[in-house]
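So you can see what is in the structure, the chains are spelled out below.
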Amino acid sequence: MNSKWRYRDCGFVMPWLLAATLLVALWGCEEQGIENTGINLRDSLGIENAEGFRKALKVREFDFPRDHGAHPGYRNEWWYLTGNLRDAKGNEFGYQVSFFRVQLSPAQNQVKRLSPWAAKHIWMAHVALTNGRSGKHHSEERFSRESLGLAGVQASPFNIWLDNWQIVALDNKTWQLAVATDAFKLQLNLAPSKPPVLMGERGLSQKSATPGNASYYYSITRLHTEGKITVKQRDYWVSGNSWFDREWGSSALDKDQQGWDWFSLQLNSGEELMYYRLRNLQGQTHPYSAGIWVDKLGRTQPISAEEIVLSPTVWWQSSEGSRYPVGWQLTYHDRHWHIDALIENQLMDTQVRYWEGAIKIFDSEKRQVGSGYLELTGYE
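What counts as what
- Residues numbered from 1 in each chain as written.
- Predicted model: local features only at pLDDT ≥ 70, side-chain atom pairs only at ≥ 80, totals over all residues.
- Heavy atoms only, no water.
- Helix = DSSP H or I, 4+ residues; strand = E, 2+ residues; numbered from the N terminus.
- Buried < 20%, exposed > 50% of the residue type's maximum accessible area, 1.4 Å probe, protein only.
- Contact = heavy atoms within 4.5 Å.
- Areas by Shrake-Rupley, 256 points an atom, 1.4 Å probe, with all protein chains shown as cover.
- 1 Å grid on protein atoms, 1.4 Å probe; cavity = no way out; pocket = protein on both sides within 12 Å on 5 of 7 lines; lining within 4 Å.
- Points joined across faces, edges and corners; volume = space filled by probe spheres on them.
- Nonpolar A, V, L, I, M, F, W, Y, C, P; charged D, E, K, R; others polar.
- Salt bridge = Lys/Arg side-chain N within 4 Å of Asp/Glu carboxyl O.
- Phe/Tyr/Trp six-rings, centres within 6.5 Å; stacked < 30°, edge-to-face > 60°.
- Polar contact = N/O pair within 3.5 Å; in protein donor to acceptor, adjacent residues only side chain to side chain.
- Core = buried A, V, L, I, M, F, W, Y, C linked by side-chain atoms within 4.5 Å.
- Pairing = 2+ DSSP bridges.

As a further point, take the overall build of the chain. Scanning the chain for helices and strands turns up 2 helices and 25 strands. Evaluated residue by residue, the chain yields a buried proportion of 56% over its 380 residues. For the chain, contacts bridging at least 24 residues in sequence account for 58% of all contacts bridging at least 6. Taken as a whole, the chain presents about 16800 Å² of accessible surface, with 48% of it coming from carbon and sulfur.

Written out as structure tokens, the structure is:
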């Protein structure tokens, strides 16, 4: 994607490419036009640019709802909602809403600025809606500085926002999601059906053997969801399940890694499986790939790379020529599933280009046994 951005040049050099690219009208001085061809995933999440930031080095204690809030000092942090919903007539939808906090420089390098517009963090948000019946997928993104309350997060009561896109806690049990774009609107209530689960070693998700190339990672693997989706002034009253993912750290890709394939499966049996397949530079499964199995009662079992067998069955090619594996065979011990995309084109046409979309899960008898989401990065 080529998108025209405007920025103001003060001769300020950001310490890494993502911050420089995201400074869309976030600084001050003479306006200039720039041509932007996208943000490279390795520049934004690679270990090479993490010097000086806090790192996920050891197991920590998690505290909820405090950990729903921000963790300054770490370079990257995100809040991720995905879900599969349908209405009474059988119309199927997948949705994604993601908020990203990016710290511009390590704390010791930050210069004190007196302007109320000065910002230590910038925010990015992605939203998307997949309409299974029409076969359409629409994605949008926004950027903002954190200053003057334009974007941010608070832990208690939980509230995260960028402009008028937000998730807010209505009470101790229910969150409300509100997103409005020119193409669609989401007004959804979400209630966790299970408590948060900690990924990796008690929440420390190690991505390679290098100390600090890791994140703190937890998920709420099932949230009952209901509300209204509006498309072209038509309202759809929907219900279903969502998945909430939370990570923070300062690097997620080592020098020998190029991207990942992330699966979140919500089975009709009430069980869930999450697995991320890290890929090395040759496109093969990296040994630090990992996941988790969550039973009906919320009890967890870690999953190692040796316990998962993955085989792509369907590839989809974007107009730019990038190929994405959007259909899979997935085996976990004696469980075998076939995974199909709700529609093949669920490309996130954003500055960080990746494929993320709703999926259906089938057993060996071709019966649908669940739904979920699939994220594919590093294929561009």
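What follows deals with the layout of surface pockets. Computed from the structure, the largest pocket encloses a volume of approximately 360 Å³. Taken together, 19 residues line the largest pocket, and the ones lying closest to its centre are Pro65, His68, Asp171, Asn172 and Trp175. Of the residues in the lining of the largest pocket, the class split is 11 nonpolar, 5 polar and 3 charged.

Applying the stated rule across the entire model yields 2 cavities of 30 Å³ or more. Contributing to the lining of the second largest cavity are 12 residues, with Trp78, Ser215, Trp248, Gly249 and Ala252 lying nearest its centre. Mapped onto the lining of the second largest cavity, the elements with two or more residues apiece are β3 (76-87), β14 (214-231) and β15 (234-249). Sorting elements by how many residues they give to the lining of the second largest cavity places β15 first, with 3 residues. Split into classes, the residues belonging to the lining of the second largest cavity amount to 5 nonpolar, 5 polar and 2 charged.

It is worth spelling out the pattern of salt bridges at this point. Overall, the coordinates contain 18 salt bridges when judged by the stated rule. Between aspartate 63 and arginine 66 there is a salt bridge, with the nearest N and O atoms lying 3.2 Å from each other. With a relative accessible area of 35%, aspartate 63 lands in the partly exposed category. Judged by its relative accessible area of 44%, arginine 66 falls in the partly exposed class. Linking glutamate 272 and lysine 194 is a salt bridge whose minimum nitrogen-to-oxygen distance equals 2.8 Å. Note that glutamate 272 is positioned in strand β17 (residues 272-280) and lysine 194 in the loop between β11 (184-192) and β12 (197-198), a separation of 78 residues in sequence. Judged by relative accessible area, glutamate 272 falls into the buried class, the value being 0%.

Now for the packing of aromatic side chains. Counted under the stated rule, the structure contains 22 aromatic pairs. Here the aromatic rings of tyrosine 80 and phenylalanine 100 are separated by 6.0 Å at their centres, their planes lie at 90°, and the arrangement is edge-to-face. You can see tyrosine 80 sitting in strand β3 and its partner phenylalanine 100 sitting in strand β4 (residues 92-103), a full 20 residues away along the chain. Comparing tyrosine 80 with phenylalanine 100 shows no difference in burial state: the two are buried. Pairing tryptophan 243 with tryptophan 262 gives two aromatic rings, centres 6.3 Å apart and planes at 85°, and the pair type is edge-to-face.

What follows covers the side chain of glutamate 92. Mapping glutamate 92 onto the fold places it in strand β4. At 2.8 Å, the side chain of glutamate 92 and the side chain of arginine 86 are in polar contact. Only 3.0 Å separates the side chain of glutamate 92 from the side chain of lysine 360, close enough to count as a polar contact. In contact with glutamate 92, not counting residues within four places along its chain, are Leu85, Arg86, Thr130, Asn131, Gly132, Arg133, Leu342 and Lys360.

On to the side chain of glutamate 272. At a separation of 2.8 Å, a polar atom in the side chain of glutamate 272 contacts the side chain of threonine 221. Polar side-chain contacts of glutamate 272 include one of 2.5 Å to the side chain of arginine 222. Excluding anything up to four places from it in sequence, glutamate 272 contacts Lys194, Thr221, Arg222, Trp243, Leu265, Gln266, Ile292, Trp293 and Val294.

This part is about the nonpolar core. Nonpolar side chains tend to gather and get buried jointly when the protein is soluble and globular. Core analysis: the biggest nonpolar cluster contains 41 residues, and Tyr95, Phe99, Trp175, Leu177 and Leu186 have the highest contact counts within it. It is β14 that contributes the most residues to this core, 7 residues altogether. Excluding its chain neighbours within four sequence positions, the residues that come into contact with tryptophan 175 are His68, Phe158, Ile167, Val168, Ala169, Leu170, Leu188, Asn189, Leu190, Ile220, Leu223 and Phe244. Membership of the second largest hydrophobic core comes to 26 residues, among which are Trp293, Ala305, Ile308 and Val326.

The sheet contact formed by strand β5 (residues 121-131) and strand β6 (residues 136-145) spans 10 bridges and is antiparallel. Looking at the pairing, valine 127 lines up with glutamate 140 of β6. Counting the residues that bridge the hairpin from β5 to β6 gives 4 residues, and of these glycine 135 lies at a positive phi of roughly 75°.

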